[in-house]
Amino acid sequence: MLRTALRNLFAHKARLSMTALAVLLGVAFVAGTLVFGDSVTQAFRNASTKNLDGVAVSVQAEYADTDGYAFADAGEPAETKLTAELVDRVRKLDGVSAVHPVVNGNATLSAKDGSPYNAQYSWQNLAVNWVPNSESGKGGSGSGEAAQDSRYPLAEGRGPAAENEIALDRSTAKGAGYEVGDTVRFATDGPTLAKKLVGVVETDDPRVTAGGTLALFDTATAQKLFLHDGQFHELTVSSPPGTDNEALTAAVAEALPANSGTATSGARLADEQAKQIADSTKALTQTLLVFAGIALFVGIFLIANTFTMLIAQRSREIALLRAVGASRRQVVRSVLIEAGLLGLVASAVGFALGIGIAAALRPLLNSSGAGLPAGPLVISGGTVAWSLVVGVVVTVLAAWLPSRRASRIAPIEALSTVDLAPPVRAMRLRNTLGGVVTGLGVLIMLYLSTLEKVEEPELMVAMAGSALTLTGMIMLAPLLSRPLVNLMGRLTTRFFGIGGKLAQENALRNPRRTAATAAALMIGLTLITGLSVAGNSTEIAIKEEAVKGMTADYKVTMERGMDPELGDRIGDVDGVEHAAQLASASIEASGRFAMMTGADPQKLGEVLDLEFSSGSLADIGPGRIAVSESFAEQTGLAEGDTVTTTVGTGEGTEKLTVVGVYGDSRLVSDAIATMDDVLPNSYDGTLDSVLVKGGGASETDLREALGNSPLLKVRSPEQLTRDEAGSINTMLNMVYGLLAMSLIIAVLGVVNTLAMSVFERTREIGLLRAIGLDRKGVRQMVRLESVVISLFGAVLGIGTGIFLAWCGGGMTESSLATYETVLPWARLALFLLAALATGVLAALWPARRASRLNTLQSLAAD
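Computed from a predicted model, the values in this text were never measured in an experiment.

**Q** Provide a residue-level description of the overall build of the chain, including the pertinent values.
**A** Helices and strands together make up the secondary structure of the chain, namely 28 helices and 23 strands. Judged by the C-alpha coordinates and their principal axes, the chain covers about 100 × 75 × 45 Å. Classification of the 862 residues of the chain by burial places 50% in the buried group. Long-range contacts, defined here as pairs at least 24 residues apart, represent 81% of the contacts in the chain between residues at least 6 apart. Surface exposure of the chain reaches about 39,000 Å², of which carbon and sulfur atoms provide 57%. Both charge centroids of the chain, one from 71 positive and one from 85 negative side chains, sit 23 Å from each other.

Structure below.
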């Protein structure tokens with residue numbers, strides 16, 4: 001039977017090629033994902049290790065009276081006990097070769113053209129002090145050489161040594177367009193500053209290589225910007241080779257004053273960073289593996305269809321094997337061996353292709369701003385094993401049912417026909433189970449759509465309900481094929497005559513085969529349609545909520561808050577008619593914490609049209625507040641109620657009277673009070689935003705009035721909606737790309753089914769040619785059959801996707817009040833056209849092959 005399996009494998013190479021290609025692509029996706037995940041993780045680890053090279057001990061500062069935060073309540077940097085005196089004490093310990101005292105913070109740059117540089121990722125914009133080796137204890141540079149900081153080797157110029165000097169890493173300098181000698185504009189948390197660029201450095205810090213920026217200052221300037229004179233955030237201790245760094249860590253910890261800092265060995269720090277890196281890349285790898293699994297799942301239909309058709313075409317051969325003594329188990333084993341060998345070969349080739357995919361993924365993701373570090377590809381034994389196992393197991397599992405059917409065919413029955421219709425009993429059982437599974441999934445989804453509040457357990461149930469609905473539709477596809485294909489057949493018959501009628505009959509000849517072919521396309525379109533409908537509806541709802549009630553022309557914000565003096569300056573800009581300043585502080589009501597917006601009620605009414613169900617903005621005053629409808633519902637508050645709470649950082653409690661209830665708005669918080677009740681009690685005494693109304697003032701005017709800080713954001717309503725909803729389109733495009741592999745495999749399934757169907761119907765095609773159907777008519781018949789099957793899968797997929805998105809929308813309404821299911825008609829029409837094009841393209845080779853069959857040879861075929 002092994003020889004038989006090998007002979008069959010080599011005898012049907014062409015017919016198995018599409019199956020092999022489906023397995024190959026699925027395994028390539030899996031292998032590429034695994035190699036990519038291992039490579040990125042290792043690259044981050046290498047960068048982190050290199051960045052920590054030479055660090056024997058790290059001492060992190062502890063902050064007094066700030067609950068661990070680096071800034072005190074007033075917005076000023078917290079005090080630390082890591083002082084210059086402590087640096088000298090640690091430097092004198094046995095085993096210490098050097099101590100780098102570190103000051104760090106964040107500095108966001110303006111590019112040379114004046115535009116903010118990397119401002120959307122301000123938390124990645126690092127700033128540190130430059131510490132020459134001579135000051136750290138590592139010794140100075142040679143005669144005539146520029147002073148060096150071993151952490152940041154100089155590439156050009158020199159390190160900053162005065163208050164008006166700055167250095168940048170190479171990638172930042174190049175990206176922002178700066179050269180040594182230029183004036184660099186930047187901001188930390190205050191006004192825009194300018195310093196002369198005196199040097200460009202190299203760095204392996206993964207936070208920078210992953211897309212961040214790095215600015216360096218002399219120690220005194222860094223302390224002035226981010227801390228206090230003579231204090232540090234961290235001490236990094238180096239030791240000579242051969243030093244017991246664990247013992248050194250203990251000695252450093254003992255030398256530290258109480259509550260001053262925590263000493264950690266460099267090795268332990270590297271391990272902690274490695275764990276964090278592994279966790280951060282795990283989510284991306286798992287996401288990619290989910291889509292790889294979808295591709296393999298779609299491939300199962302192609303594989304099962306191929307082996308079903310092959311077994312039907314080899315039924316005479318199987319009958320002869322049974323007649324000469326082969327048992328059912330041997331027949332099953334023969335088919336599974338054939339499938340296993342096919343899966344093994346395809347998996348090996350797929351793994352090689354996966355390496356190419358892994359190599360391409362990094363630059364592809366980096367082009368969209370991922371900032372993944374460079375590094376070699378990592379190919380582990382586990383990745384190789386998993387790739388081969390997945391390919392073989394999927395192929396064998398997909399071939400198992402066809403092999404069971406082959407073993408149950410009686411020899412005399414198999415000798416009498418080539419293409420057997422599925423047993424009626426089997427189809428009835430499948431339809432019954434499909435109806436039950438679909439009904440259960442639909443009921444679950446309908447129930448969940450009625451819930452007012454959805455938590456994580458309900459989301460898991462929703463995923464199960466979606467899976468049941470999709471599985472049930474796949475099982476019911478043979479039953480649904482007759483009415484839907486008949487409907488499409490009427491159109492093909494009306495427009496294409498006998499060719500359309502023959503295509504309809506061919507598609508209905510074996511409903512199970514037609515359904516399996518269409519199901520592969522259906523799965524991909526269900527997912528794409530569901531996500532498109534949900535994404536489109538969410539995008540529209542978010543756009544509506546982002547600027548709901550906004551009558552202002554601009555919303556002005558600044559990273560880390562805006563000084564009230566700057567807010568006052570906005571009102572003086574020519575062309576500004578109204579400027580409403582907004583601040584925020586926390587409150588508590590009925591055990592629920594919330595944020596309260598402070599504003600001048602009269603000015604707020606000029607730039608924001610809030611819908612009040614009771615009371616009005618004019619009722620707000622000292623000690624009188626309005627609350628949002630959602631907060632009122634959560635807490636049971638109504639007009640006339642009193643809230644006793646601590647406002648923000650204020651001491652003691654205050655009594656606030658509710659004088660109004662307004663519709664939720666993203667531009668204000670859960671409650672609104674006067675500015676005098678909020679700003680003195682806000683976390684750092686800064687404004688959250690300023691809403692500006694005045695068509696005569698431009699974005700440029702506002703920026704110039706505020707010093708054109710790179711931390712400044714001036715957004716129009718259109719820009720605000722784009723900011724809110726832009727990520728949805730990015731996510732959808734990414735999902736489309738990830739599902740492309742599944743759709744390619746689905747197309748291969750259509751091509752494979754048609755090609756094998758042409759072989760199976762060789763005699764029939766010859767007969768049609770003999771009675772007058774020309775080559776063009778044969779090509780048309782095969783093309784229309786392909787189109788009918790593709791459209792059948794598209795209709796099922798789009799319909800199922802819309803239903804699941806509608807049910808999911810019901811759950812979304814609990815967190816997004818303006819959500820309504822809105823069908824993206826243009827996109828759905830595009831999906832149908834894509835299915836039509838898929839049918840036409842998939843039929844090119846099978847139609848050409850069918851039209852070129854020799855009539856006499858076809859009539860003589862078995």
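**Q** So what about helix 26 (residues 825–842)? Which residues, and what values?
**A** Taking 1.5 Å per residue, 18 residues should reach 26 Å; helix 26 reaches 25 Å between its end C-alpha atoms and fits that length. Restricting attention to buried positions, one finds in helix 26 the residues Leu828, Phe831, Ala835, Thr838, Gly839 and Ala842. The buried side chains of helix 26 occupy one side of the element, clustering within an arc of 95° when seen end-on. Exposed positions of helix 26 whose direction lies more than 90 degrees from the buried face are Trp825, Ala826, Leu830, Leu833 and Leu841.

**Q** So what's going on with a nonpolar patch on the surface? Which residues, and what values?
**A** On the surface, Trp386, Val389, Val393 and Leu397 cluster together into a nonpolar patch covering about 420 Å² of accessible area. As for its placement among the helices and strands, Val393 is situated in helix 12 (residues 381–407). The class for Val393 is partly exposed, based on a relative accessible area of 40%.

**Q** Give me the sheet that holds strand 2 (residues 98–102): which residues, what numbers.
**A** Either a parallel or an antiparallel arrangement is found when strands of a sheet pair, and the pairing is made through backbone hydrogen bonds. In spatial order, the strands read 2-12-1-13; together these four strands make up an open sheet with antiparallel pairing. If you trace the sheet from one side to the other, it starts and ends with strand 2 and strand 13 (261–265), each paired once. Going across the sheet, the axis of each strand differs from the next one's by a mean of 15°, ignoring polarity. Both strand 1 (residues 57–61) and strand 12 (residues 234–238) contribute to a ladder of four bridges, which runs antiparallel. In the strand pairing of strand 12, Val59 is matched with Leu235. Sheet contacts for helix 3 (residues 84–91): strand 2 and strand 12; angle to strand 2, the most-contacted strand, approximately 160°.

**Q** So what's going on with the confidence of the model for the chain? Residues and values would help.
**A** The pLDDT averaged across the chain works out to 85; a share of 91% of its residues lies at or above 70. When the criterion is pLDDT under 50, residues 65–74 qualifies, and its contacts beyond four places in sequence or with other chains add up to 21 contacts.

**Q** Describe a negative patch on the surface, listing the residues and the values that go with them.
**A** Together, Asp609, Glu611, Glu629, Glu633 and Asp664 make up a negatively charged patch on the protein surface. Mapped onto the fold, Glu611 is located in the loop between helix 19 (601–607) and strand 17 (612–614).

**Q** Before we move on, could you go through the side chain of Asp182 and cite the residues and values that matter?
**A** As for its placement among the helices and strands, Asp182 is situated in the loop between helix 5 (170–176) and strand 9 (183–187). Classification of Asp182 by relative accessible area gives buried; the value is 17%. A distance of 2.7 Å separates a polar side-chain atom of Asp182 from the backbone nitrogen of Glu179. Ignoring anything within four residues of it in the chain, the contact list for Asp182 reads Lys112, Gly177, Lys195, Lys196 and Leu197.

**Q** Quick one: what's the story with the nonpolar core, residue by residue and with numbers?
**A** Judged by nonpolar contacts, the single largest core of 62 residues is most densely connected at Phe29, Phe36, Phe291, Ile474, Ile745 and Phe792. Examining the composition of this core, we find that 11 residues originate from one element, helix 2 (residues 13–51), more than from any other. Setting aside chain neighbours within four positions, we find Phe29 in contact with Leu288, Phe291, Ala292, Ala295, Ile357, Leu738 and Met741. One finds Met596, Leu656, Ala673 and Val692 within the second-largest nonpolar core, a separate group that totals 40 residues.

**Q** Describe the packing of helix 15 (residues 456–496) against helix 16 (residues 498–509), listing the residues and the values that go with them.
**A** Running from N to C, helix 15 and helix 16 point in directions that differ by 165°, and their axes come no closer than 7 Å. Considering the angle they form, helix 15 stands roughly antiparallel to helix 16. With respect to the hand of their crossing, helix 15 and helix 16 are arranged in right-handed fashion. Contacts between helix 15 and helix 16 pair Ser481, Arg482, Val485, Asn486, Gly489, Arg490, Thr492, Thr493 and Phe496 from the former with Ile498, Gly499, Gly500, Lys501, Gln504, Ala507 and Leu508 from the latter. Residues that form the contact of helix 15 with helix 16 fall into these classes: five nonpolar, eight polar and three charged.

**Q** Could you give an account of helix 17 (residues 511–546), with specific residues and numbers?
**A** Taking 1.5 Å per residue as the helical rise, helix 17 with its 36 residues ought to reach 52 Å, and the 49 Å between its terminal C-alpha atoms agrees with that figure. A bend of about 30° at Ala519 is the largest found in helix 17. The element helix 17 is largely enclosed, with a buried count of 30 among its 36 residues.

**Q** An account of the environment of Ser407 is requested, with residue identities and associated values reported.
**A** By secondary structure assignment, the location of Ser407 is in helix 12. When the C-alpha positions of Ser407 and Ala671 are compared, they lie 73 Å apart, and in sequence the two are 264 residues distant. Those residues in contact with Ser407 that lie beyond four places of it in its chain are Arg322, Arg328, Val331 and Val332.

**Q** Would you mind going over the side chain of Ser39 in detail, with residue names and values included?
**A** With respect to the secondary-structure elements, Ser39 resides in helix 2. Within polar-contact distance, the side chain of Ser39 engages the backbone oxygen of Val35 at 2.7 Å. Other than its neighbours up to four places away in sequence, Ser39 contacts Arg362, Pro376, Leu377 and Val378.

**Q** Break down empty space enclosed by the protein for me, citing the residues and quoting the values.
**A** Applying the stated rule across the entire model yields five cavities of 30 Å³ or more. Around the largest cavity, the lining is made up of 13 residues, and of these Asn506, Arg513, Ser757, Arg761 and Glu785 lie nearest the centre. Secondary structure elements with two or more residues in the lining of the largest cavity: helix 16, helix 17, helix 23 (717–760) and helix 25 (775–812). The residue inventory of the lining of the largest cavity, partitioned by class, reads two nonpolar, five polar and six charged.

**Q** With reference to specific residues and values, describe the pairing of strand 11 (residues 213–218).
**A** Summarising burial for strand 11: six of the six residues are buried, a large majority. Residues of strand 11 alternate between two faces, with Thr213, Ala215 and Phe217 on one and Leu214, Leu216 and Asp218 on the opposite face, all of them buried. Sheet analysis places strand 6 (residues 125–130) next to strand 11, joined by six bridges and oriented parallel. For Ala127, the partnering residue across the bridge sits in strand 11 and is Ala215. Pairing between strand 8 (residues 165–169) and strand 11: two bridges, direction antiparallel.

**Q** Now, about the pattern of salt bridges: what can you tell me, with residues and values included?
**A** Following the criterion strictly, the structure yields 13 salt bridges and no others. In this structure, Arg158 and Glu165 form a salt bridge, with 2.6 Å as the shortest nitrogen-oxygen distance. Of the residues examined, Arg158 reaches a relative accessible area of 35% and is grouped as partly exposed. Residue class for Glu165 comes out buried when judged on its relative accessible area of 10%. The shortest N-O distance in the salt bridge between Lys543 and Glu539 comes to 3.3 Å. Separated by four residues within a single helix, Lys543 and Glu539 lie in helix 17, roughly one turn from each other. Assessed through its relative accessible area of 10%, Glu539 is described here as buried.

About the criteria used
- Residues numbered from 1 in each chain as written.
- Predicted model: local features only at pLDDT ≥ 70, side-chain atom pairs only at ≥ 80, totals over all residues.
- Heavy atoms only, no water.
- Helix = DSSP H or I, 4+ residues; strand = E, 2+ residues; numbered from the N terminus.
- Buried < 20%, exposed > 50% of the residue type's maximum accessible area, 1.4 Å probe, protein only.
- Contact = heavy atoms within 4.5 Å.
- Areas by Shrake-Rupley, 256 points an atom, 1.4 Å probe, with all protein chains shown as cover.
- Lys, Arg positive; Asp, Glu negative; His and termini not counted.
- Charge placed at Lys NZ, Arg CZ, Asp CG, Glu CD.
- Expected span 1.5 Å × (residues − 1).
- Arc of directions from axis to C-beta.
- Patch = residues over 30% accessible without salt bridge, like charges linked within 9 Å, V, L, I, M, F, W, Y side chains within 5 Å.
- Salt bridge = Lys/Arg side-chain N within 4 Å of Asp/Glu carboxyl O.
- Pairing = 2+ DSSP bridges.
- Axes fitted to C-alpha atoms, helices over the stretch in contact; angles between N-to-C directions.
- pLDDT = per-residue confidence, 0-100.
- Polar contact = N/O pair within 3.5 Å; in protein donor to acceptor, adjacent residues only side chain to side chain.
- Core = buried A, V, L, I, M, F, W, Y, C linked by side-chain atoms within 4.5 Å.
- Parallel < 35°, antiparallel > 145°, perpendicular 65-115°, else oblique.
- Left-handed = near helix turned anticlockwise from the far one by under 90°.
- Nonpolar A, V, L, I, M, F, W, Y, C, P; charged D, E, K, R; others polar.
- Bend = angle between axes of the 7 residues up to and from the residue.
- 1 Å grid on protein atoms, 1.4 Å probe; cavity = no way out; pocket = protein on both sides within 12 Å on 5 of 7 lines; lining within 4 Å.
- Points joined across faces, edges and corners; volume = space filled by probe spheres on them.

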